[in-house]
Amino acid sequence: MELIIRPVREEDAGSIVELLNPIIQAGIYTAMDESFSVTDQLDFMRSFPQRGIYQIALDGATQKILGIQDVLPISTSNVFRHVGEVSTFVALDAHRQGVGQSLCQATFKAVKVQDFLKLRATVRGDNPYALAFYQSQGFELIGIAKQHAYLRGKYIDEILLEKFLE
């Protein structure tokens, strides 16, 4: 499959919502617990930080959005200017097809231009696939926040990972 990685555009909002909501509704992949509307997504996009990176992976043949990845600065303070928080979401029917890896390759290049030196990722402790994915991209486990999220009636650990960019 040929993938196209490009920055997100406002006209992508509806397709992003169609990708995200099933992931949220599945209740096992993310700590987000409420579905998004197109208006919510547009608000997020319009308030996205200038130093942030927000990219999509498209199927080259169909132009369907198969994944999204963003990097947000963890703080506006110069003390933490070099650190970004990365999030990755791949359509449920596109797992294990190289979408996340392709997004990471493009993002690792883009974050250097924005002067990020380190990326941090936070994944659910009960999502071994996300943990394995980030570790396959060079992220290292730095800690576990015990019972950090309360979702659907239970506490869930959050795993913290980081990657220093070369």
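Here's what I pulled together on the structure shown here. (Residues numbered from 1 in each chain as written. Predicted model: local features only at pLDDT ≥ 70, side-chain atom pairs only at ≥ 80, totals over all residues. Heavy atoms only, no water.)

### Some details on the overall build of the protein
To keep things clear, this is the line we draw: Strands are runs of DSSP state E lasting at least two residues, helices are runs of H or I lasting at least four, and both sets are numbered from the N terminus onward. Radius of gyration here uses only the C-alpha atoms, and the compact-globule reference equals 2.2 Å multiplied by the residue count raised to the power 0.38. The buried label applies to any residue whose accessible area, calculated with a 1.4 Å probe on protein chains only, is under 20% of its type's maximum; exposed applies above 50%, and partly exposed to all values in between. Using a 1.4 Å probe, accessible areas were evaluated by the Shrake-Rupley method; residue-level cover was limited to the displayed protein chains. When charges are tallied, Lys and Arg are placed among the positive residues and Asp and Glu among the negative ones, while His and the ends of the chain are skipped. Taken as the charge centre is NZ of Lys, CZ of Arg, CG of Asp or CD of Glu, depending on the residue.
Looking only at helices and strands, the protein features four helices and seven strands. Counting from the amino terminus, the protein carries its helices and strands in the arrangement β-α-α-β-β-β-α-β-α-β-β. For 166 residues, the compact-globule formula gives about 15 Å, and the C-alpha radius of gyration of the protein, at 15 Å, lands near that figure. Taking the principal axes of the C-alpha coordinates as reference, the protein spans close to 40 × 40 × 30 Å. Looking at the protein as a whole, 44% of its 166 residues qualify as buried. Roughly 9,200 Å² of accessible area belongs to the protein as shown, and the carbon and sulfur atoms make up 50% of that amount. For the protein, the centre of its 16 positive side-chain charges and the centre of its 20 negative side-chain charges are spaced 4 Å apart.

### With respect to the nonpolar core
As a reminder, the rule being used: Buried Ala, Val, Leu, Ile, Met, Phe, Trp, Tyr and Cys residues form a nonpolar core when they are joined through side-chain atoms within 4.5 Å.
Among the nonpolar cores identified, the biggest contains 23 residues, and Ile 16, Leu 19 and Ile 68 are the most heavily contacted of them. When residues of this core are traced back to their parent elements, those giving at least two are helix 1 (13–26), helix 2 (38–46), strand 2 (53–59), strand 3 (65–73), strand 4 (83–90) and helix 3 (99–113). Broken down by element, this core gets its largest block of residues, six residues, from helix 1. Core analysis: the next-biggest nonpolar cluster, separate from the first, contains 17 residues, Ile 53, Val 86, Phe 116 and Tyr 134 among them.

### Here we look at empty space enclosed by the protein
Over the atoms, a rolling probe the size of a water molecule traces out where space has been left empty. The test is simple: We place a 1 Å grid over just the protein atoms. Points where a 1.4 Å probe fits but has no way out form a cavity, open points with protein on both sides within 12 Å along at least 5 of 7 lines form a pocket, and any residue with an atom within 4 Å of a point lines it. Grid points are joined across faces, edges and corners, and a volume is the space filled by probe spheres set on the points. Classification used: nonpolar for Ala, Val, Leu, Ile, Met, Phe, Trp, Tyr, Cys and Pro, charged for Asp, Glu, Lys and Arg, polar for all others including Gly.
Overall, the coordinates contain one cavity of 30 Å³ or more when judged by the stated rule. Of the voids in this model, the largest cavity is the one considered here, and its volume is about 40 Å³. Surrounding the largest cavity, Ile 24, Gly 27, Thr 30, Met 32, Asp 33, Arg 124, Leu 151 and Arg 152 form its lining. Residue composition of the lining of the largest cavity, by class: three nonpolar, two polar and three charged.

### Considering the layout of surface pockets
Empty space within the largest pocket amounts to approximately 1,000 Å³. What lines the largest pocket is a set of 39 residues, and nearest its centre among them are Tyr 29, Thr 88, Phe 89, Ala 130 and Tyr 134. Sorting the residues of the lining of the largest pocket by element identifies helix 1, helix 2, strand 3, strand 4, helix 3, strand 5 (118–124) and helix 4 (128–136) as the ones contributing at least two each. A per-class count over the lining of the largest pocket returns 21 nonpolar, 13 polar and five charged. Approximately 170 Å³ is the volume attributed to the second largest pocket. Taken together, Asp 12, Ser 15, Glu 18, Leu 19, Pro 22, Leu 58, Gln 63, Lys 64, Ile 65, Ala 91, Leu 92 and Asp 93 form the lining of the second largest pocket. Among the elements that take part in the lining of the second largest pocket, helix 1 stands out by supplying four residues, more than any other.

### Focus on the pattern of salt bridges
As a reminder, the rule being used: Whenever a carboxyl oxygen of Asp or Glu lies within 4 Å of a side-chain nitrogen of Lys or Arg, that contact is scored as a salt bridge.
This model, assessed by the stated rule, comprises seven salt bridges. In this structure, Glu 85 and Arg 120 form a salt bridge, with 2.5 Å as the shortest nitrogen-oxygen distance. Residue Glu 85 is found in strand 4, and its partner Arg 120 is found in strand 5; the two are separated by 35 residues along the sequence. Relative accessible area serves as the criterion here: at 17%, Glu 85 is assigned to the buried category.

### Quick notes on a nonpolar patch on the surface
Which entries qualify depends on this criterion: Residues form patches when they are more than 30% accessible in relative terms and have no salt bridge. Like charges link within 9 Å. Nonpolar side chains (Val, Leu, Ile, Met, Phe, Trp, Tyr) link within 5 Å.
Together, Ile 74, Val 79 and Phe 80 line one region of the surface with nonpolar side chains, adding up to about 260 Å² of accessible area. Position of Ile 74 relative to the elements: it lies in the loop between strand 3 and strand 4. Here Ile 74 falls in the partly exposed class, since its relative accessible area comes to 30%.

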